[in-house]
Amino acid sequence: MEIVCSTDNNYVMPTGVMICSLCENNHDEQIRFHILSSDITDANKASLERITSGYEQRIEFHKINDADLADFPIGREGQSSHISSLATYYRLFLGDILPDDIKRVIYLDGDIIVRGSLRPLWDLPMDGCAIAGAPDTANNGVEHYNRLLYPQSYGYFNAGVLVINLDYWRSHNVKESFFKIAREHPERLRCHDQDILNYTFRTCKKRLDAKYNFQNDYLFEHQYQLLTYDIISEIDAALDNPVVIHYITGPKPWQRDCIHPYRDEFTKYRDKTQWRGMKLTKGDPLKVKVKHFLVKKLVDFGFFKRESYVAYKYRKDAKLK
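What you are looking at is a predicted structure, and each value in this text was computed from that prediction instead of being measured.

By the criterion of burial, strand β2 (residues 32-37) is predominantly enclosed, with six of the six residues buried. Of the two faces of β2, the one lined by Arg32, His34 and Leu36 and the one lined by Phe33, Ile35 and Ser37 are each fully buried. Two elements, strand β1 (residues 2-6) and β2, share five bridges in a ladder whose sense is parallel. What sits directly across from Ile3, in β2, is Phe33. Viewed along the sheet, the connection from β1 through helix α1 (residues 12-24) into β2 turns out right-handed. Where β2 lies against strand β3 (residues 58-63), six bridges are found, and the strand directions are parallel. For Arg32, the partnering residue across the bridge sits in β3 and is Arg58. Handedness of the crossover joining β2 and β3 through helix α2 (residues 42-54) is recorded here as right-handed.

So, in structure tokens, the structure goes:
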């Protein structure tokens, strides 16, 4: 099983915890991890190698030259502010970076916990498709389609968990398409590489079940207006026992302000690594905390109705099995 992760020095700990969780729940697999980075230090490489060697799994590091990403927008005016690292684009180079004998990979973001077998993803028939991903929480949000200029009926996936058909990528030279979009339409890329992948493969993709990329907003009522009934049914089925938890938005589970109901899942696997007992880091900046405080006061005084920010869609006491 070939697993790919993109990281930088700031994200080594979460990436290491993700690797630990995957190894813990896939003992019967032979796994090779591919770490994409431009500047990861030898000490941080050793930290990740310590985890994989403990499970007798392999790890390889692939250096990316950030100068090759000059055409890609990060931090420009009008761009998404929750992404600040060029590491988000590294997966776009996979067709060139990995050896030709690697035909497919599973890509995983660093802010993920794997709780079950990924064998169903590895064995997924791709049927000539380029990529497979689970619906994004804003899958039905018309904003994506108006911005990227393709029909809403094609859907929009989240790029945090992907099955990638490298044979397709290489034979269709998709990297040139990626670069063309970044050069000619940077103003459209609010979600950066996720937008690029969705546009490029809008008619050549497969859908993963929501349980393989269980995103934060799957839990909250105010996001359900952006999901279709079939996706909601998958979420209901996965609610108590998701295979992959993706802490995609908001404070992360290693930050003090995190209120994610599955936060303890991250702590459980973190404490199986060298980061056991690590102090929580600072979460939301002051301006975000002030905004939340003012919104709460406006709600308390009845100026507008509260959205179900931390309430489950169906049962508030849902617990992981």
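With respect to topology, seven strands assemble into an open sheet ordered β3-β2-β1-β4-β7-β6-β8, the strand pairing being mixed. A strand with exactly one partner marks an edge of an open sheet, and here the two such strands are β3 and β8 (205-207). Across this sheet, the average inter-strand angle for adjacent strands is 30°, counted without regard to direction. Strand direction decides the pairing type here: β1 and strand β4 (residues 104-108), joined by two bridges, are parallel. Looking at the pairing, Val4 lines up with Tyr107 of β4. Here α1 sits on the sheet and contacts β1, β2 and β4; the angle it forms with β2, its principal contact strand, is near 165°. Sheet strands in contact with helix α8 (residues 193-200) are β6 (131-135), β7 (157-165) and β8, and its direction is about 55° off that of β7.

Our next topic: the layout of surface pockets. Reported here for the second largest pocket is a volume of approximately 210 Å³. Taken together, 15 residues form the lining of the second largest pocket, with Asn139, Tyr154, Gly155, Tyr156 and Arg207 sitting closest to its centre. At the level of secondary structure, the elements contributing two or more residues to the lining of the second largest pocket comprise β6, β8 and α9 (229-238). Top contributing element to the lining of the second largest pocket by residue count: β8, with three residues. Its residues assigned to classes, the lining of the second largest pocket shows five nonpolar, six polar and four charged.

What follows concerns unusual backbone geometry. Residue Asp127 is not a glycine yet carries a positive backbone phi of 50°. Structurally, Asp127 can be placed in the loop between α4 (119-122) and β6.

To continue, consider the sheet that holds strand β9 (residues 214-215). Read from one edge of the open sheet, three strands run β5-β10-β9, paired in mixed fashion. In this open sheet, the two strands that pair with only one neighbour each are β5 (112-114) and β9. Two elements, β5 and strand β10 (residues 244-246), share three bridges in a ladder whose sense is antiparallel. Along β10, the bridge assignment pairs Ile112 with His246.

Turning our attention to the packing of α1 against α2. Packed helices, taken two at a time, are described by the angle their axes make and the gap between the axes. Viewed as axis vectors pointing N to C, α1 and α2 meet at an angle of 10°, and their least axial separation amounts to 9 Å. On the basis of the axis angle, α1 is roughly parallel to α2. By crossing handedness, the relation of α1 to α2 is classed as right-handed. Residues Val12, Thr15, Gly16, Ile19 and Cys20 of α1 pack against Asn44, Leu48, Ile51 and Thr52 of α2. Here the residues of the contact of α1 with α2 sort into five nonpolar, four polar and no charged.

Definitions and cut-offs
Residues numbered from 1 in each chain as written. Predicted model: local features only at pLDDT ≥ 70, side-chain atom pairs only at ≥ 80, totals over all residues. Heavy atoms only, no water. Buried < 20%, exposed > 50% of the residue type's maximum accessible area, 1.4 Å probe, protein only. Helix = DSSP H or I, 4+ residues; strand = E, 2+ residues; numbered from the N terminus. Pairing = 2+ DSSP bridges. Right-handed = clockwise from strand over helix to strand, strands pointing away. Axes fitted to C-alpha atoms, helices over the stretch in contact; angles between N-to-C directions. Contact = heavy atoms within 4.5 Å. 1 Å grid on protein atoms, 1.4 Å probe; cavity = no way out; pocket = protein on both sides within 12 Å on 5 of 7 lines; lining within 4 Å. Points joined across faces, edges and corners; volume = space filled by probe spheres on them. Nonpolar A, V, L, I, M, F, W, Y, C, P; charged D, E, K, R; others polar. Parallel < 35°, antiparallel > 145°, perpendicular 65-115°, else oblique. Left-handed = near helix turned anticlockwise from the far one by under 90°.

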